[in-house]
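Coordinate analysis (summary)
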Amino acid sequence: MVYLDNAATTFPKPRTVLGSIFRCMEEYAGNPGRAAHPMAMRASEAVFEAREEVCSFFGVSSVENVIFTKNATEALCLCIFGMLRPRGRIITTDLEHNSVRRPLEVMKKRGAAIDIVGATGDDDALIRDIERTICPDTQAIVCVHASNVCPRVLPIEKIGALCRRRGIIFIVDAAQSAGIYDIDLSKIGADAVCFPGHKGLFGPMGTGGACFKDGFDFSRLAPLLYGGTGSHSSDADVGRTAPESFEAGTLALPSIAGLCEGVRYVKKISTKAIREHDAALYRLAKNELLSLGATIYGDFGEGAVLTFNMPRVCGSDVARSLGDRGICVRAGMHCAPTAHKALGTGGDAVRISFSPMNTERDVRILIDALSKI
Ligand SMILES: Cc1ncc(COP(=O)(O)O)c(C=O)c1O
């Protein structure tokens, strides 16, 4: 089998990730933060270790600023509904995944206005548009770091600097960038980055989180979930103490133990090496696809995600035929309808997405199958 759907979730995971999950389930799967017995203590230590790996990965020194969720979507909902007010204006882009677009639609129904800027031009044009759009009512910018449809990477350091100057909240959707592009919260100046654990960080599904900048005032964040936290049990209110007030309920300990090893794996091989690897595969695939007459969407250089269409066959049919040959790709809109519109795909295109586990051979098998289709 050839797996080229890593933007949805990476596969395979490193052996160290699998080993860590198995070890946790076998040796110390007590409930973290809920008791003082040895199993629960060992479990709490594992969660702490994972927080340490994640917070240093995102350039944050406060371990408690990592809030674990079950995916990037939940982290984005925590930040959007927990930080933003149902009034004023929120700026976003036309490259967003539904994980940003849909919560912002809810904010709109509740009374906030949404301003959408185009992000398929160059960085200068984007920054100019954002500057033009900011007004005294603007409370936040919520945007994707790297698109899940094309290799567009937004200049989040520049957007962050703008937000700092204008006193605006900045929330970054790092679903496609975490583990590939460098994200240093101390440089970006974003309030939070929302990340999936199961994509570029190589954790299992069911992991993700929001990492908040050092000094973030958690009294400004409302929890998404309410329930048991293992502390202050006599209080009726869940409180505003990071991380536990924002992680009500039992954590996905074995998955978090796996995520910890996933982050270590990325640190070990380095994001730079991962980017170079992805770029080489992108280059190869692009050249071969063009020679087959394919249309490739988004001229933004090379990246981990390449979306295309073949002449005369719709994207979904191509993906189905590839699937029949054991090649896993994803067709359709990739939960990003406005990105597809901006890129002119017609709403159905084939996406291939790479991980360090892919090789040139995978691309050659894909191209061979496409030439037959
Ligand atoms: C850009 C972007 N944002 C958010 C998400 C949602 O991530 P998750 O599936 O972890 O909720 C995805 C998933 O593909 C994505 O590509």
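Note that the structure is predicted; figures quoted are calculated from it, not measured.

Criteria and thresholds
- Residues numbered from 1 in each chain as written.
- Predicted model: local features only at pLDDT ≥ 70, side-chain atom pairs only at ≥ 80, totals over all residues.
- Heavy atoms only, no water.
- Domains from an automatic or database assignment.
- Buried area = accessible area lost by both parts, 1.4 Å probe.
- Salt bridge = Lys/Arg side-chain N within 4 Å of Asp/Glu carboxyl O.
- Polar contact = N/O pair within 3.5 Å; in protein donor to acceptor, adjacent residues only side chain to side chain.
- Near = heavy atom within 4 Å.
- Areas by Shrake-Rupley, 256 points an atom, 1.4 Å probe, with all protein chains shown as cover.
- Nonpolar A, V, L, I, M, F, W, Y, C, P; charged D, E, K, R; others polar.
- Phe/Tyr/Trp six-rings, centres within 6.5 Å; stacked < 30°, edge-to-face > 60°.
- Helix = DSSP H or I, 4+ residues; strand = E, 2+ residues; numbered from the N terminus.
- Buried < 20%, exposed > 50% of the residue type's maximum accessible area, 1.4 Å probe, protein only.
- Expected span 1.5 Å × (residues − 1).
- Contact = heavy atoms within 4.5 Å.
- 1 Å grid on protein atoms, 1.4 Å probe; cavity = no way out; pocket = protein on both sides within 12 Å on 5 of 7 lines; lining within 4 Å.
- Points joined across faces, edges and corners; volume = space filled by probe spheres on them.
- Pairing = 2+ DSSP bridges.
- Axes fitted to C-alpha atoms, helices over the stretch in contact; angles between N-to-C directions.

1. Focus: the domain arrangement of the chain
According to the domain assignment, the chain consists of domain 1 (15-268) and domain 2 (271-372). Here domain 1 and domain 2 have C-alpha centroids that lie 28 Å from each other. The contact between domain 1 and domain 2 buries some 2100 Å² in all, and 63% of this surface belongs to carbon and sulfur atoms. Viewed at the interface, domain 2 and domain 1 are joined by one salt bridge. Here Arg-275 makes a salt bridge to Asp-182, at a shortest N to O gap of 3.5 Å. Linking domain 1 with domain 2 are eight residue pairs in polar contact (both at pLDDT 80 or more).

2. Concerning the site of the ligand
Neighbouring the ligand are 14 residues; Thr-73, Asp-173, Gln-176, His-198 and Lys-199 lie closest to it. Thr-73 places a polar side-chain atom, nitrogen or oxygen, 2.4 Å from an oxygen atom of the ligand. Between the ligand and the protein, one listed contact pairs a nitrogen atom with a side-chain N or O atom of Asp-173 at 2.6 Å. For the ligand, the accessible surface in isolation is 390 Å², of which the surrounding protein chains cover 91%. Looking at the shell around the ligand residue by residue, the classes come out as five nonpolar, seven polar and two charged.

3. Some words on the packing of aromatic side chains
Evaluation of the coordinates by the stated rule reveals eight aromatic pairs. Look at Phe-202 and Tyr-265: their rings are 5.0 Å apart centre to centre, the planes differ by 75 degrees, and that puts the pair in the edge-to-face class. Placement of the pair is Phe-202 in the loop between strand E7 (192-196) and strand E8 (208-212) and Tyr-265 in helix H8 (residues 253-269), with a sequence separation of 63 residues. Judged on exposure class, the residue Phe-202 and its partner Tyr-265 are both buried.

4. As for H8
Residue pairs three or four apart in sequence face the same way in an α-helix, which turns once every 3.6 residues. Here H8 spans 25 Å end to end across 17 residues, near enough to the 24 Å set by a 1.5 Å rise per residue. With respect to burial, H8 is a largely interior element, 12 of its 17 residues being buried. What H8 keeps buried is the set Leu-253, Ser-255, Ile-256, Ala-257, Gly-258, Leu-259, Cys-260, Glu-261, Gly-262, Val-263, Tyr-265 and Val-266. Looking at the buried side of H8, the elements it contacts are helix H1 (15-27), helix H2 (38-57), strand E2 (66-69), E7 and helix H9 (271-291).

5. Observations concerning empty space enclosed by the protein
Summed over the entire model, instances satisfying the criterion amount to two cavities of 30 Å³ or more. In this structure, the largest cavity encloses a volume near 130 Å³. Taken together, 20 residues line the largest cavity, and the ones lying closest to its centre are Asn-6, Thr-10, Ile-180, Gly-200 and Phe-354. Classifying every residue of the lining of the largest cavity by side-chain character gives 10 nonpolar, eight polar and two charged. If you count residues domain by domain, the lining of the largest cavity takes at least three from each of domain 1 (15-268) and domain 2 (271-372). Its boundaries defined by the atoms lining it, the second largest cavity holds a volume of some 60 Å³. If you go around the second largest cavity, the residues you meet are Ala-146, Ser-147, Cys-150, Pro-151, Arg-152, Gln-176, Ile-180, Tyr-181, Ala-304 and Val-305. When grouped by side-chain class, the residues that make up the lining of the second largest cavity number seven nonpolar, two polar and one charged.

6. Overview of the sheet that holds strand E3 (residues 89-93)
The pairing of strands in a sheet comes from backbone hydrogen bonds and takes either a parallel or an antiparallel form. With respect to topology, seven strands assemble into an open sheet ordered E2-E8-E7-E6-E5-E3-E4, the strand pairing being mixed. Of all strands in the sheet, those bounded by a partner on one side alone are E2 and strand E4 (113-117). The sheet shows a mean angle of 20 degrees between the axes of neighbouring strands, taken without regard to direction. Bridging between E3 and E4 involves five bridges; their strand directions are parallel.

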